[in-house]
Amino acid sequence: MTDVQNGSTAPRTEIPMLRAYRLWFEHTRKCSVGCKGTPKAQDGCEDGRQLWGSYRLARIGKATP
């Protein structure tokens, strides 16, 4: 029997690129400073730009732990 059939689940690890994107996306939905409603990530607040930069680095495989 496999683990799925036994009902046990292994802890899921999130892919760094997807985690970085999720953090940026969650920030933009809640940000009242300047990210919400901007058409480009570069036009957002400083925190939003930093999160987007982290995503871009993770996307090309240069993520920092």
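The coordinates are above.
Note that residues are indexed from 1 along each chain, following the sequence as it is written. In keeping with the predicted nature of the model, local features appear solely for residues at pLDDT of at least 70, side-chain atom pairs appear and are counted solely at 80 or more, and the whole-chain, interface and lining totals rest on all residues. Computation of side-chain values covers all heavy atoms of the structure but excludes hydrogens and water.

Asker: Could you clarify how one ought to interpret the pattern of salt bridges in this entry?
Answerer: It is possible for side chains of opposite charge to pair when their charged atoms get near one another. Only one rule defines a salt bridge in this text: a Lys or Arg side-chain nitrogen within 4 Å of an Asp or Glu carboxyl oxygen. Per the stated rule, a full pass over the model turns up two salt bridges. The residue Arg22 makes a salt bridge to Glu14 at a minimum N-O spacing of 2.9 Å. The classification of residues rests on relative accessible area computed with a 1.4 Å probe and restricted to protein chains. Under 20% of the type maximum is buried, over 50% is exposed, and intermediate values are partly exposed. Residue class for Arg22 comes out partly exposed when judged on its relative accessible area of 31%. For Glu26, the salt bridge is made with Arg22, and the minimal N-O distance between the two is 3.3 Å. Of the two residues, Glu26 and Arg22 are both situated in helix 2 (residues 16-30); the distance of four residues between them amounts to about one turn of the helix. What you see here is one network of salt bridges that share partners, running through Glu14, Arg22 and Glu26. Put simply, DSSP H or I for four residues or longer makes a helix, DSSP E for two residues or longer makes a strand, and each gets a number counted from the N terminus.

Asker: How should the packing of aromatic side chains be read in this particular structure?
Answerer: Only rings of Phe, Tyr and Trp enter the pairing, Trp through its six-membered ring, and a pair is recorded when the two centres are within 6.5 Å. The plane angle decides the type: under 30 degrees is stacked, over 60 is edge-to-face, the rest tilted. Throughout the structure, instances matching the rule amount to five aromatic pairs. Judged by centre distance (5.4 Å) and plane angle (50°), the rings of Tyr21 and Trp24 are tilted. One end of the pair, Tyr21, and the other, Trp24, are both in helix 2, three residues apart, so they sit about a helical turn from each other. One aromatic cluster is present, built from ring pairs that chain together Tyr21, Trp24, Phe25, Trp52 and Tyr55.

Purely spatial values, then, with no claim about function.
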